Every structure is written in C-alpha cells, then in structure tokens.
Amino acid sequence: MAPVQTTKMSNFRWVICALLFLATTINYMDRQVLSLTWKDFIAPEFHWTDGDYGTITGMFSLFYAIANLFAGKFIDWMGTKKGYLIAIFVWSLGAVLHAGCGWVAMTVEGYDSLEALRMVQAGSDAAVAIATISVWLFLSCRLILAVGEAGNFPAAIKATAEYFPKKDRAFSTSIFNSGASVGALAAPATIPLLARAWGWEMAFIIIGCLGFIWMGLWMWLYEKPRHNKRVNQAELNYIEQDNDLAEVQNRETVKEEKVIPFFDCFKYKQTWSFLVGKFMTDGVWWFFLFWAPAYFSDQYGYTSDSTMGILLIFTLYAIVTILSIGGGYLPTYFVDKKGMNPYLGRMRAMLIFACFPVLGLFAQPLGAYSAWWPAILIGLLGAGHQAWSANLFSTIGDMFPKSTIGTIVGLGTMAGGIGSMSINLGSGRFFDWAAAQGANFTFFGFEGKPAAYMVVFCICAVAYLIGWCIMKALVPKYKPIVVE
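Model, not experiment: these values are computed from the prediction.

Side note on the pattern of salt bridges
Two side chains that carry opposite charge are able to pair once their charged atoms sit near each other.
Item 1. Summed over the entire model, instances satisfying the criterion amount to 11 salt bridges.
Item 2. The salt bridge partner of Lys 158 is Asp 76, with a shortest N-O separation of 2.8 Å. Remark: Asp 76 occurs in helix H2 (residues 50-78) and Lys 158 occurs in helix H7 (residues 152-163); sequence separation between them is 82 residues. For the pair Lys 158 and Asp 76, one class covers both residues: buried.

Structure follows, in structure tokens:
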C-alpha cells in the first residue's frame, strides 16, 4: 500500500525520458550522416564501391558489438550520470573527426585538392589507393563513434529503470527509443541539404556538435530520483512502487543489490533469450538505416539530396516514428486489462510486432509500380522493429536486478552488433557480386542487383518470427532472477 499523497505529484521523470529521447535522436543522426552522404557525395570523391561501404558499415557494427561487451559494465561501474556523459562525448568527437578524412587522404596521397581526388580515373591503381586509404580513415573514425555510441542504450535503459516503475518502462522505453526513428527522420531532411550547401564535411561537424550541447543539459538536470530536488515525495513513491513499503521507508539501511558477476550472466536462459532477440533483429534495422538512401538512389535514381529522395526517406521514417510509440502501450494493455504478468504481456505484444516485417517481402515487387511502395512498407517494417525493440529492452528490467541491467543491455547490444555486421558486410559484397553477374543471377523474377536486394529483404522479413520462437523456447514463462 503506497503512502497517502498530500501534494500533487511532480512529473520530472518525463523530463529525464525527454533527455534520453534527445540523446538517442542525436545518436542516430550521427550514425546516419555517412549513409546519407556516401553514395552521392563521398563515393565519387574516394572511388568507393558498395563493397567498400559495406566494409565500413560492417566493421562499424563489429566495433559497436565489441564495445558493447564492456559498455554495460562500464555504465554500471561509472553510474548513469558520469557514464552517459563520457559516452556521448566520445561518440560526438568521433562524429566530428569524420570531417578530416578527406584532407588526410589528400595529404597522404599527395594531391593538391579534393577535386583532384575525384578526377582520378575510376578503376586505376591511383583510384584503388585513394579508396583504400579513405576506407581506413573512415574506419578509424567509426571505431571512435562506435565506442561512444555503445554506451547510449545501457545508460538509457538504466536511467529508465531508475526513474520508472515496471509497468511504465515499456512505454517510456518506446518514447526514448523512438528517438532512433526521429533521428532517422530528421536526418534526410537536414544532412543532404547541409552536404550540398557546405560540403559533406560540415554535415559531420554540425550534427556531431549537437552531442556536446546535450552534455550540458544532462549535467544540469540529472541526479538519481532520491537525490533529485526536482522529484517530490509523491513522485518518488510512484517511481518506487514496485518496492515493499518497508524498503521504501528504510532505503538508507537496506543493503545494496548484489551484482551478477559478468561471466555468471551467461548461466541464465534469460540472458540468452535477450541475446537471441537482439542478434536476430538489430541487423534488420541497421541494414535499412544504412542502405535505404542508397537503395532509392540505385533502384530509382533518386539521390539523397533530391526532393524525391528526401521525401521518400522522410516518409519512411515518419511512418516508423508515428506508429512505433504506440508499441510501448500494447503490453500495458495486456497487463492492466487482461491481467497478464509483464513478461507474458510483452511476449504477446512482441509476437504481434514480429509480423510487421513480413510486409518487407512485398517492398521490392511493388517497387516496380512506384518507389512509394517500398518507402511505405519498409516504414511499417521499421515501426514493427522499434515497437519490438522497446519491449525487448523492457524484458531485462522485468527479470534482472537493477545492478546488472547495464551489463545485460551491453551484452545484448553486442549480439545485435554482430548480427548487423553480418548483414551489412555481407550485403555490400553481395550487391557488388550481383551487379557484376547481371542477368546471370535471378531471384523471384529479379536480375542482378535488384535480385540481391530481394534476397536480403526476404531474410529481414522472417528474422523476427524466428527470433521470437527461440526466445519463447528459452524462457517460456515469467521467471525473474534472484541473486542470493
């Protein structure tokens, strides 16, 4: 029974949620600068192929995966406030450093200007040398970006667990997680125009600097709920409603929650369930995040800075943004209205969301009639992913002690990064191979590179249902972990 409230409850937890949303938006905008500039601005300058870009995105995913092996533990060790500050500083620095890759490549290869790099004959030894050095330079910057970005979700999930009771976590997670789609929505409306007006270098600098601004807001506003002067007792009681009354009233004397040792985490099926869910599905989101602009440029001729190209990508992520936020409410409905426990409610909701990506099977065939069809269907697929992801993250708070949440999120995001590396690295090489094969490679009536896109779309379409089945087999019912 909660204490009687005599004052109106403050709502500062939603300010924290807004900060998490803003950080995730910046995170995805930093990640999107390359995907929106490489095909039409960077590739002609450095003579990149799809394979080169696939190497950069795939290795970024690998860097991200490795960093996530340690990021969660780092956030648990440093604490939410300091850990988040360090993470966003590192990734913002990495984002800005991309702008210097052209100058370094020009200097190392002995050219007088960036235009001279562009004028080198395609396919020549000089062009290969330029492509090679530039790929290595971008990989170095992506490494720094990946190390910093790895801290975003462990810190955000930890902050959510600190500021929201279990029943609200899926909804609050879906709100801040929608920053991914909002960032992806804002990116095509701004980044190509920045690149066209001031060069692709300034796009990296301007977007990268947003993170430094966020750091000031976080330092000013964030403290743990019990120590935050902006959180009154009524709101604190609401936040801590999952605890026993005695624990709430005697918080000062209660022993700290035990931390699950790192390697012991792998003993639990709940850990493996989360890892499988992330591995099977994160790569799908990252594939479309990294390749959608190139897809519309390759298949339909709409460059990222063209009006139609901007509208297509904007529409895609507008659908994702609008539909995905409601995904956090569905398990709340199952819990409050249907009487399910939180885990069962989330799994029921996730099964529904796992069906959305199946629409991706029709994107390429209907694209023969209009480029709007792939934009709409991929948008619905992305909305399903974001709703799925919000609930997948929330299963951690349901079953693991708060002291270990950051570690589990880091492990899961590592698994997602490995899945993303596989699909992005493989897709880049697959697209180059399929383009070279032309009519000799067919799939579902498509030839060459369009056939390759169809193959990848099919893989993406069924990944969620396969992942859900494995998760359900590993953890068939609600079973929270208790550390003795």
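Topic: empty space enclosed by the protein
Item 1. Considering all chains together, one arrives at 8 cavities of 30 Å³ or more under this definition.
Item 2. Reported here for the largest cavity is a volume of approximately 90 Å³.
Item 3. For the lining of the largest cavity, the secondary-structure elements that each account for two or more residues are helix H1 (12-46), helix H13 (269-300) and helix H18 (372-399).
Item 4. Looking at the lining of the largest cavity residue by residue, the classes come out as 6 nonpolar, 5 polar and 3 charged.
Item 5. One number sums up the size of the second largest cavity: a volume of about 70 Å³.
Item 6. For the second largest cavity, the full set of lining residues is Lys 166, Lys 167, Ala 170, Pro 331, Thr 332, Val 335, Asp 336, Pro 342 and Arg 346.
Item 7. Those elements that place two or more of their residues in the lining of the second largest cavity are helix H8 (166-177), helix H15 (329-338) and helix H16 (342-354).
Item 8. Of the residues contributing to the lining of the second largest cavity, the split by class is 4 nonpolar, 1 polar and 4 charged.

A look at the environment of Gly 426
Item 1. Tracing the backbone through its elements, the reader meets Gly 426 in helix H19 (residues 405-437).
Item 2. Each C-alpha atom of the pair Gly 426 and Gly 54 lies 7.2 Å from the other, and the pair is 372 residues apart in sequence.

Examining the side chain of Gln 386
Item 1. Tracing the sequence through the fold places Gln 386 in helix H18.
Item 2. Apart from the residues lying within four places of it in its own chain, the contact partners of Gln 386 are Asn 177, Ser 178, Ala 180, Ser 181, Trp 285, Val 320 and Ser 324.

Brief notes about the packing of aromatic side chains
Item 1. Taken as a whole and judged by the stated rule, the model has 49 aromatic pairs.
Item 2. Relative to Trp 291, the ring of Phe 287 has its centre 6.4 Å away and its plane inclined at 25 degrees; by these criteria the two rings are stacked. Pair noted here: Phe 287 and Trp 291 are both in helix H13, with a separation of 4 residues, about one helical turn. Like Phe 287, the residue Trp 291 is buried in the burial classification.

Section: the confidence of the model for the chain
Item 1. Averaged over all residues, the pLDDT of the chain equals 86, while 94% of them reach at least 70.
Item 2. Segment residues 244-255: pLDDT under 50, and 11 contacts once partners within four positions in sequence are set aside and those in other chains are kept.

Looking at unusual backbone geometry
If a residue is not glycine, its phi is most likely negative; likewise, a peptide bond is most likely trans.
Item 1. The phi dihedral of His 47 falls on the positive side, at around 60 degrees, and the residue is not glycine.
Item 2. Tracing the sequence through the fold places His 47 in the loop between H1 and H2.
Item 3. With relative accessibility at 18%, the residue His 47 sits in the buried group.
Item 4. The phi torsion at Phe 444 lies on the positive side, around 50 degrees, for a residue other than glycine.
Item 5. Along the chain, Phe 444 turns up in the loop between strand E1 (442-443) and strand E2 (446-447).

Describing the environment of Phe 74
Item 1. Of note, Phe 74 is situated in helix H2.
Item 2. In the structure, Phe 74 is positioned 81 residues away from Ala 155 in sequence and 9.5 Å away in space, judged by C-alpha atoms.
Item 3. In this structure, Phe 74 is in contact with Gly 83 and Ile 86, ignoring residues within four places of it in sequence.

Comments concerning H16
Each α-helix turn comprises 3.6 residues. Residues three or four places apart therefore point the same way.
Item 1. For H16, which comprises 13 residues, the first-to-last C-alpha distance of 18 Å matches the rise-based estimate of 18 Å (1.5 Å per residue) to within 8%.
Item 2. As for H16, its buried residues are in contact with H8, H15, H18 and helix H20 (448-474).

Concerning the environment of Val 456
Item 1. Looking at the element boundaries, Val 456 is found in helix H20.
Item 2. For Val 456 and Leu 361, which are 95 residues apart along the polypeptide, the C-alpha to C-alpha distance reads 9.6 Å.
Item 3. In this structure, Val 456 is in contact with Phe 287, Ile 423, Ser 427, Phe 430 and Phe 431, ignoring residues within four places of it in sequence.

Describing the nonpolar core
Item 1. Counting residues in hydrophobic clusters, the biggest one holds 145 residues, and the most contacted among them are Trp 48, Phe 138 and Phe 287.
Item 2. The dominant element in this core, judged by the number of residues it contributes, is H1, at 17 residues.
Item 3. With residues up to four places along the chain from it excluded, the contact list for Trp 48 reads Leu 34, Trp 38, Ile 42, Ala 43, Ile 56, Ala 131, Ser 134, Val 135 and Phe 138.

What about a nonpolar patch on the surface?
Item 1. Side chains of Phe 89, Leu 93, Leu 97 and Phe 212 sit close together on the surface and give an oily, nonpolar patch of about 320 Å² of accessible area.
Item 2. Looking at the nonpolar patch, the element that brings in the most residues is helix H3 (residues 80-97), giving 3 residues.
Item 3. Tracing the backbone through its elements, the reader meets Phe 212 in helix H10 (residues 200-221).

Considering the packing of H1 against H2
Item 1. Viewed as axis vectors pointing N to C, H1 and H2 meet at an angle of 175 degrees, and their least axial separation amounts to 11 Å. As the angle between them shows, H1 and H2 are arranged roughly antiparallel. Of the residues in H2, those touching H1 at Arg 31, Leu 34, Ser 35, Trp 38 and Lys 39 are Asp 50, Tyr 53, Ile 56, Phe 60 and Tyr 64.
Item 2. Partitioned by chemical class, the residues of the contact of H1 with H2 number 6 nonpolar, 1 polar and 3 charged.

Focus: the packing of H1 against H10
Item 1. Running from amino to carboxyl end, H1 crosses H10 at an angle of 165 degrees, the nearest separation of the two axes being 9 Å. By the angle class used here, H1 and H10 are roughly antiparallel. The crossing of H1 and H10 is left-handed.
Item 2. Here the residues of the contact of H1 with H10 are counted per class, giving 23 nonpolar, 3 polar and 3 charged.

Quick word on the side chain of Ser 10
Item 1. Take Ser 10: it is sitting in the segment before H1.
Item 2. At a separation of 3.1 Å, a polar atom in the side chain of Ser 10 contacts the main-chain amide nitrogen of Asn 232.
Item 3. Apart from the residues lying within four places of it in its own chain, the contact partners of Ser 10 are Arg 230, Val 231, Asn 232 and Glu 235.

Definitions and cut-offs
Residues numbered from 1 in each chain as written. Predicted model: local features only at pLDDT ≥ 70, side-chain atom pairs only at ≥ 80, totals over all residues. Heavy atoms only, no water. Salt bridge = Lys/Arg side-chain N within 4 Å of Asp/Glu carboxyl O. Helix = DSSP H or I, 4+ residues; strand = E, 2+ residues; numbered from the N terminus. Buried < 20%, exposed > 50% of the residue type's maximum accessible area, 1.4 Å probe, protein only. 1 Å grid on protein atoms, 1.4 Å probe; cavity = no way out; pocket = protein on both sides within 12 Å on 5 of 7 lines; lining within 4 Å. Points joined across faces, edges and corners; volume = space filled by probe spheres on them. Nonpolar A, V, L, I, M, F, W, Y, C, P; charged D, E, K, R; others polar. Contact = heavy atoms within 4.5 Å. Phe/Tyr/Trp six-rings, centres within 6.5 Å; stacked < 30°, edge-to-face > 60°. pLDDT = per-residue confidence, 0-100. Expected span 1.5 Å × (residues − 1). Core = buried A, V, L, I, M, F, W, Y, C linked by side-chain atoms within 4.5 Å. Patch = residues over 30% accessible without salt bridge, like charges linked within 9 Å, V, L, I, M, F, W, Y side chains within 5 Å. Areas by Shrake-Rupley, 256 points an atom, 1.4 Å probe, with all protein chains shown as cover. Axes fitted to C-alpha atoms, helices over the stretch in contact; angles between N-to-C directions. Parallel < 35°, antiparallel > 145°, perpendicular 65-115°, else oblique. Left-handed = near helix turned anticlockwise from the far one by under 90°. Polar contact = N/O pair within 3.5 Å; in protein donor to acceptor, adjacent residues only side chain to side chain.

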